[in-house]
Amino acid sequence: MALRRLRIDELANAWVGDASTPFQLGLLGLFDAGPWSRADGAIDIEGVALELTARARCVDELRRRVLWTRPWEGRALWVEDPRFDPARHIEHVTLGATDDLTTWAANRSVHPLDLHAPLWRAVLVDGLPEG
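Anyway, here's the lowdown on the structure attached to this text.

Each value, and the rule that gives it
Residues numbered from 1 in each chain as written. Predicted model: local features only at pLDDT ≥ 70, side-chain atom pairs only at ≥ 80, totals over all residues. Heavy atoms only, no water. Helix = DSSP H or I, 4+ residues; strand = E, 2+ residues; numbered from the N terminus. Contact = heavy atoms within 4.5 Å. Polar contact = N/O pair within 3.5 Å; in protein donor to acceptor, adjacent residues only side chain to side chain. Pairing = 2+ DSSP bridges. Core = buried A, V, L, I, M, F, W, Y, C linked by side-chain atoms within 4.5 Å. Buried < 20%, exposed > 50% of the residue type's maximum accessible area, 1.4 Å probe, protein only. Salt bridge = Lys/Arg side-chain N within 4 Å of Asp/Glu carboxyl O. Right-handed = clockwise from strand over helix to strand, strands pointing away.

1. A few points about the overall build of the protein
Part 1 of the argument: The number of helices and strands found in the protein is 3 helices and 5 strands.
Part 2 of the argument: Its helices and strands in sequence order give the protein the pattern β-α-α-β-β-β-α-β, from N to C terminus.
Part 3 of the argument: Taken along the three principal axes of its C-alpha coordinates, the protein extends 60 × 30 × 20 Å.
Part 4 of the argument: In the protein, the share of contacts with a sequence separation of at least 24, taken over all contacts with a separation of at least 6, comes to 69%.

2. Description of the side chain of arginine 108
Part 1 of the argument: Its location among the elements puts arginine 108 in helix α3 (residues 101–108).
Part 2 of the argument: A distance of 2.6 Å separates the side chain of arginine 108 from the side chain of glutamate 91, its partner in a polar contact.

3. What to know about the sheet that holds strand β3 (residues 77–80)
Part 1 of the argument: Strand order in the open sheet formed by 3 strands is β1-β3-β2, with antiparallel pairing between adjacent strands. The open sheet has two edge strands, β1 (4–5) and β2 (64–67), and neither has a second partner.
Part 2 of the argument: Looking at chain direction, β1 and β3 are connected through 2 bridges and run antiparallel. By the bridge assignment, arginine 5 is partnered in β3 with leucine 77.

4. Some details on the nonpolar core
Part 1 of the argument: Ile45, Val48, Ala56, Phe84, Ile90, Trp120 and Leu124 form the largest nonpolar core, which has 7 residues in total.
Part 2 of the argument: When residues of this core are assigned to their parent elements, the largest contribution, 3 residues, is made by helix α2 (residues 45–57).
Part 3 of the argument: Dropping the residues within four chain positions of it, phenylalanine 84 is found in contact with Ala56, Arg57, Leu62, Arg63, His89, Pro118 and Trp120.

5. Things to note about the pattern of salt bridges
Part 1 of the argument: Inspection of every chain in the model, using the stated rule, returns 9 salt bridges.
Part 2 of the argument: With a shortest N-O distance of 2.7 Å, arginine 55 and glutamate 51 are connected by a salt bridge. Taken together, the residues arginine 55 and glutamate 51, both in helix α2 and 4 residues apart, mark about one turn of the helix.
Part 3 of the argument: For arginine 55, a relative accessible area of 55% gives the class exposed.
Part 4 of the argument: A relative accessible area of 31% means that glutamate 51 is categorised as partly exposed.
Part 5 of the argument: The salt bridge involving glutamate 80 is made with arginine 63; its shortest N-O contact spans 2.9 Å. With glutamate 80 in strand β3 and arginine 63 in the loop between α2 and β2, this pair connects stretches of sequence that are 17 residues apart.

6. Topic: the pairing of strand β4 (residues 90–94)
Part 1 of the argument: Taken together, the 5 bridges between β4 and strand β5 (residues 122–126) define a ladder with parallel strand orientation. Bridging from a neighbouring strand, histidine 92 pairs with leucine 124 of β5.
Part 2 of the argument: Note on the crossover from β4 through α3 to β5: the handedness is right-handed.

7. Some remarks on the side chain of histidine 89
Part 1 of the argument: Position of histidine 89 among the secondary structure elements: in the loop between β3 and β4.
Part 2 of the argument: With relative accessibility at 6%, the residue histidine 89 sits in the buried group.
Part 3 of the argument: With residues up to four places along the chain from it excluded, the contact list for histidine 89 reads Phe84, Ala117, Pro118, Trp120, Arg121 and Ala122.

Next up, the structure:
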């Protein structure tokens, strides 16, 4: 992989956030369980997580982390994370009967990412009222 320095906009995004106010983007998507539905009506969360893990391994950008430089060494670099394990970036949550998905997502979005690991996470959420 060729070394690539962070662009100015990428650096600005990293610098804007802090531990109590992270600056990150989120996407909330609702999917039909379809092939991931088990006979008992539950979702095969392990199967979904395994599929996401396998697909994430194939995306070079998801393997990259930021190598933060010291003053006078130039802008930070995107480098491949030698310890990359996509399973460490995939989580599972079951919502309670009274939980609201959008409120949960808004609250979850303020949990900062680890700035010394690839900058992404996927959270599989089940327990929605309509399955």
